[in-house]
Amino acid sequence: MKQASWLSFLPFALFLILAIALLVRLWSGQNSVRSREGYSIESIALVGVDGKKITLPNPQQKVIVNFFASWCVACIAEHEQLKTLQKAGTPVIGIAWHDAENDTKNFLKTHGNPYTQVVLDQEGRAGVHLGITGIPETFVLREDGKIIYHFAGALTEEQVQNM
């Protein structure tokens, strides 16, 4: 009888251990998205909303790639940080992920366009190529395609300084 009462406590003990582990992970302050830093991407050809072709990575310079959408509230929150990068002369390519062209253009008209070039990724192929998990998401790519910085979420002043 004593063994049966001990075994009935085992599921609760396992649940408690898993719950504690989850809470520790959530409160640790770590970004829950696995960083893509150090990975290299294959070349991908994209077409901007202006009709110009863009190739990532850019063999001439380091570039920042920011995934955004007109329907993304967090994208509005990070917009000022992107304008800061623009003012500093940093090339930023904006990739409108799963967004309609007119919605993207209206978003940029309303909030300002901090991007050097804007690309539509209506089918999400560029997002899959870089391994995004949602938006906004930002990458810094070296000329050889190596990801040297990756941040999932709305950029803050601190993240911009780390770039």
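Look a little higher up for the structure.
The shown structure was predicted, so the numbers you read here are calculated from the model rather than taken from an experiment. (Residues numbered from 1 in each chain as written. Predicted model: local features only at pLDDT ≥ 70, side-chain atom pairs only at ≥ 80, totals over all residues. Heavy atoms only, no water.)

### Comments concerning the environment of Q159
Here is step 1: Here Q159 is to be found in helix α5 (residues 157-162).
Here is step 2: Given the relative accessible area of 11%, Q159 is considered buried.
Here is step 3: Remark: the alpha-carbon pair of Q159 and T138, spanning 21 residues in sequence, is separated by 9.9 Å.
Here is step 4: Setting aside residues up to four positions removed in sequence, Q159 forms contacts with Y149, F151 and A154. (Helix = DSSP H or I, 4+ residues; strand = E, 2+ residues; numbered from the N terminus. Buried < 20%, exposed > 50% of the residue type's maximum accessible area, 1.4 Å probe, protein only. Contact = heavy atoms within 4.5 Å.)

### A short note on the pattern of salt bridges
Side chains that differ in charge, positive against negative, can pair when their charged atoms come close.
Here is step 1: Applying the stated rule across the entire model yields four salt bridges.
Here is step 2: Residues K83 and E80 are paired through a salt bridge, measuring 3.4 Å at the closest nitrogen-oxygen approach. On the criterion of helical spacing, the pair formed by K83 and E80 is a turn pair, its members being three residues apart in helix α2 (residues 73-87).
Here is step 3: On the accessibility criterion, E80 (48% relative accessible area) is partly exposed.
Here is step 4: Notably, a salt bridge pairs E101 with K105, separated by 3.1 Å at the nearest N-O pair. One end of the pair, E101, and the other, K105, are both in helix α3 (residues 101-111), four residues apart, so they sit about a helical turn from each other.
Here is step 5: Judged by its relative accessible area of 32%, E101 is partly exposed. (Salt bridge = Lys/Arg side-chain N within 4 Å of Asp/Glu carboxyl O.)

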